[in-house]
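The primary structure of each chain is shown beneath.
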Amino acid sequence: LLGKLKLDARLRELCLLHAVKLEGGDYEWVQHVPIALDLGANQAQIDALSKGDDKAACFSALEKAALRFTREVVVDGRASEAALAELRQHVTVREVVELIIMAGFYITLARLTESLGVENDPPMGSALIRSIEKRVQSAKAKT
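Residues numbered from 1 in each chain as written. Predicted model: local features only at pLDDT ≥ 70, side-chain atom pairs only at ≥ 80, totals over all residues. Heavy atoms only, no water.

Draft legend 1. Focus on the overall build of the protein chain. Looking only at helices and strands, the protein chain has seven helices and zero strands in total. Traced from its N-terminal end to its C-terminal end, the protein chain shows the element sequence α-α-α-α-α-α-α. In the protein chain, which comprises 143 residues, the proportion classed as buried is 41%. Sequence-distant contacts, at least 24 apart, represent 65% of the contacts inside the protein chain between residues at least 6 apart. Of the roughly 7,600 Å² of accessible surface on the protein chain, 55% is carried by carbon and sulfur atoms. (Helix = DSSP H or I, 4+ residues; strand = E, 2+ residues; numbered from the N terminus. Buried < 20%, exposed > 50% of the residue type's maximum accessible area, 1.4 Å probe, protein only. Contact = heavy atoms within 4.5 Å. Areas by Shrake-Rupley, 256 points an atom, 1.4 Å probe, with all protein chains shown as cover.)

Given below as structure tokens:
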């Protein structure tokens, strides 16, 4: 999920953060805030997501559409037709599917870490992401 998606990496991280904040996943939040910042998110966006504000002025139209879609998938179990139509103005069907799968995976992970009381580790930061991306690119080059 962190290396093979067509979905923009910064957008992925913003939506991931939104999903885990809505779900209550502190471990994932701590791990992914530095990654989002490294990928170009700004502190105003992080602050807005920490408050659950997916309509803040610091988000682009694409980001607002993706964040609304993510919120509906997480909170309501499915996105509305209006949220899907809004998101489809900006991304492909594949990216919509990737967003749903990514959000689902990370809310499941949040449930796991919270239910088992997993203690927060220091953030691994983007080194992990860069390593995954490098492995994916290397595997693609071999095929």
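Draft legend 2. Region of interest: a nonpolar patch on the surface. Together, Val93, Val97 and Ile101 make up a nonpolar patch on the protein surface, roughly 250 Å² of accessible area in all. Locating Val93 in the fold gives a position in helix 6 (residues 93-115). (Patch = residues over 30% accessible without salt bridge, like charges linked within 9 Å, V, L, I, M, F, W, Y side chains within 5 Å. Salt bridge = Lys/Arg side-chain N within 4 Å of Asp/Glu carboxyl O.)

Draft legend 3. Summary view of the packing of helix 2 (residues 26-38) against helix 3 (residues 43-50). Across the interface, helix 2 lies against helix 3 with an axial gap of 10 Å and an inter-helix angle of 150°. Relative to helix 3, helix 2 is oriented roughly antiparallel. At the point where helix 2 passes helix 3, the crossing takes the right-handed sense. Here Trp29, Val33, Ala36 and Leu37 of helix 2 lie close against helix 3, whose contacting residues are Gln43, Ile46, Leu49 and Ser50. Of the residues that constitute the contact of helix 2 with helix 3, the class distribution is six nonpolar, two polar and no charged. (Axes fitted to C-alpha atoms, helices over the stretch in contact; angles between N-to-C directions. Parallel < 35°, antiparallel > 145°, perpendicular 65-115°, else oblique. Left-handed = near helix turned anticlockwise from the far one by under 90°. Nonpolar A, V, L, I, M, F, W, Y, C, P; charged D, E, K, R; others polar.)

Draft legend 4. Spatial organisation of helix 6. Given a rise of 1.5 Å per residue, 23 residues ought to cover 33 Å, and the 33 Å separating the end C-alpha atoms of helix 6 matches this to within 8%. For helix 6, every residue scored as buried is listed here: Glu95, Val96, Glu98, Leu99, Met102, Ala103, Tyr106, Ile107, Ala110 and Thr113. Turning to helix 6, the residues buried within the fold contact helix 1 (9-23), helix 2, helix 4 (61-76) and helix 5 (81-88). (Expected span 1.5 Å × (residues − 1).)

Draft legend 5. Structural context of the packing of aromatic side chains. On inspection of all chains with the given rule, the structure shows one aromatic pair. Each ring, one from Phe105 and one from Tyr106, has its centre 5.0 Å from the other, and the planes form 85°; the classification is edge-to-face. A cation sits over an aromatic face here: Lys21 above Trp29, 4.7 Å from the ring centre. (Phe/Tyr/Trp six-rings, centres within 6.5 Å; stacked < 30°, edge-to-face > 60°. Lys NZ or Arg CZ within 6 Å of the ring centre and 35° of its normal.)

Draft legend 6. Quick peek at helix 2. Across its 13 residues, helix 2 extends 19 Å between first and last C-alpha, which sits within 8% of the 18 Å expected from 1.5 Å per residue. Taking the largest bend as the criterion, helix 2 deviates by roughly 35°, centred on His32, and proline Pro34 comes between one and four positions later. Looking one or two places after helix 2, you find Gly40, whose phi comes out positive at around 115°. (Bend = angle between axes of the 7 residues up to and from the residue.)

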